[in-house]
Amino acid sequence: MKLSLSFFSLIIFTTFQSQKLKDFVIPKGYEKVLEVKGDLDKDGKEETVIVYNTPEKIEYQGHTRKFYILKNIQGNLKIWKENSTILNSSGAGFYPEDNKLEIKIKNNCLVISQSFYSNSRHTDTSKYTFRFQNGDFYLIGAYNMFEDTCEFSLINEVNFSTGKVIIDERYSECDGDENRKIPQDDHKEFIHKFDTLIKMNEFRVGENQFKIPNSKKYFTY
């Protein structure tokens, strides 16, 4: 009887969820970039994440990108979440043909990694990790590496769940630049308390910051 009741409850929940979520239909003019599958809410079932180039274009930056997180409910793909603010555009940066985008589902988390050349010498690499909890996706990790071909490599990393922050700055000499004063390398690790986590669809890259202890600098993510 208990088993039958649990099974009946599961059917009711699945039916309710199916009615609540909209069917996924590929929007007109959307071009698929990549697709991954994995379990994001620990229910033992795989969700599907698909990235698209949209028809919307930004001057000199290519097409805007959007991704969908889809649930498979009774054989039908339903829109669970969608986002168009986190991904770089298709032609972002100086050498768009060398841009990289990777999306993984690891340890039930959505991990988005991107890189692009901000100019002919500088590469910007980022990784953002989102976990489904308390009914929504929240940012739990951020990593950024900004590096020159030879002058510097700057890494900022934070785990929002533990509050651990890592800052690593490495500098070096470039050929033909002997007169440049090379800054000292710097490495910091500390704990910063975050009162709340940021929801995925409220996160805007580069619009968040906190002050680095014993420094005039800010950690931006």
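Residues numbered from 1 in each chain as written. Predicted model: local features only at pLDDT ≥ 70, side-chain atom pairs only at ≥ 80, totals over all residues. Heavy atoms only, no water.

### A look at the overall build of the protein chain
- The secondary structure content of the protein chain amounts to one helix and 14 strands.
- Its C-alpha atoms put the protein chain at 80 × 40 × 20 Å along the principal axes.
- For the protein chain, the centre of its 31 positive side-chain charges and the centre of its 32 negative side-chain charges are spaced 8 Å apart. (Helix = DSSP H or I, 4+ residues; strand = E, 2+ residues; numbered from the N terminus. Lys, Arg positive; Asp, Glu negative; His and termini not counted. Charge placed at Lys NZ, Arg CZ, Asp CG, Glu CD.)

### Some words on the packing of aromatic side chains
- Counted by the stated rule, this structure contains 18 aromatic pairs.
- Summarising the aromatic geometry, the rings of Trp 80 and Phe 137 are spaced 5.0 Å apart at their centres and angled 65° between planes, so their arrangement reads as edge-to-face. Here the residue Trp 80 occupies a position in strand 5 (residues 76-83), and Phe 137 occupies one in strand 9 (residues 136-147), the gap between them amounting to 57 residues.
- Ring pairs connect the aromatic residues Phe 160, Phe 194, Phe 210, Phe 219 and Tyr 221, which therefore count as one cluster. (Phe/Tyr/Trp six-rings, centres within 6.5 Å; stacked < 30°, edge-to-face > 60°.)

### A look at the sheet that holds strand 5
- Read from one edge to the other, the open sheet built from five strands follows the order 1-5-4-3-2, with strand pairing classed as antiparallel. The open sheet has two edge strands, strand 1 (22-23) and strand 2 (31-38), and neither has a second partner.
- The sheet contact formed by strand 4 (residues 62-73) and strand 5 spans seven bridges and is antiparallel. Bridging across to strand 5, Phe 67 finds its partner in Asn 83. (Pairing = 2+ DSSP bridges.)

### Details of the side chain of Gln 114
- Tracing the chain through its elements places Gln 114 in strand 7 (residues 109-117).
- By relative accessible area, which is 6% here, Gln 114 ends up buried.
- A polar atom in the side chain of Gln 114 sits 2.6 Å from the backbone nitrogen of Asn 88. (Buried < 20%, exposed > 50% of the residue type's maximum accessible area, 1.4 Å probe, protein only. Polar contact = N/O pair within 3.5 Å; in protein donor to acceptor, adjacent residues only side chain to side chain.)

### Topic: the nonpolar core
- Phe 67, Ile 69, Leu 110, Phe 130 and Tyr 221 are the most contacted members of the largest nonpolar core, which has 31 residues in total.
- Broken down by element, this core gets its largest block of residues, three residues, from strand 9.
- Setting aside its immediate chain neighbours within four residues, Phe 67 contacts Val 49, Ile 50, Val 51, Lys 81, Glu 82, Asn 83, Ile 86, Leu 87, Leu 110, Ile 112 and Met 200.
- Counting residues in each nonpolar core, the second largest holds six residues, with Phe 24, Ile 50, Tyr 68 and Ile 79 among its members. (Core = buried A, V, L, I, M, F, W, Y, C linked by side-chain atoms within 4.5 Å. Contact = heavy atoms within 4.5 Å.)

### Section: the pattern of salt bridges
- In the structure shown here, the tally under the stated rule is 17 salt bridges.
- Across the pair Asp 43 and Lys 71 runs a salt bridge whose closest N-O atoms are separated by 3.6 Å. Taken as a pair, Asp 43 in the loop between strand 2 and strand 3 (47-58) and Lys 71 in strand 4 lie far apart in primary sequence, 28 residues in all.
- Overall, Asp 43 belongs to the partly exposed group, its relative accessible area being 38%.
- By relative accessible area, Lys 71 is classed as buried at 4%.
- Among the salt bridges present, the one from Arg 170 reaches Asp 168, with a minimum N-O distance of 3.0 Å.
- On the accessibility criterion, Arg 170 (41% relative accessible area) is partly exposed.
- Classification of Asp 168 as buried rests on a relative accessible area of 12%.
- By sharing partners, the salt bridges in this structure join Asp 41, Asp 43, Glu 47 and Lys 71 into a single network. (Salt bridge = Lys/Arg side-chain N within 4 Å of Asp/Glu carboxyl O.)

### Looking at the environment of Asp 148
- The topology assignment puts Asp 148 in the loop between strand 9 and strand 10 (152-159).
- Here Asp 148 falls in the buried class, since its relative accessible area comes to 7%.
- Spatially, the C-alpha atom of Asp 148 lies 9.6 Å from that of Asn 119, the residues being 29 residues apart in sequence.
- For Asp 148, the contacting residues outside a window of four places in its chain are Arg 121, His 122 and Cys 174.
- A polar contact is formed between the side chain of Asp 148 and the side chain of Arg 121, at a distance of 2.6 Å.
- Engagement of the side chain of Asp 148 in a polar contact is seen with the backbone nitrogen of Cys 150, the distance being 2.9 Å.

### Quick notes on the confidence of the model for the protein chain
- A residue-level look at the protein chain finds 91% of positions with pLDDT of 70 or above and a mean pLDDT of 91.
- Long-range and interchain partners of residues 2-16, a stretch whose pLDDT sits below 50, account for three contacts in this model, where long-range means more than four residues apart. (pLDDT = per-residue confidence, 0-100.)

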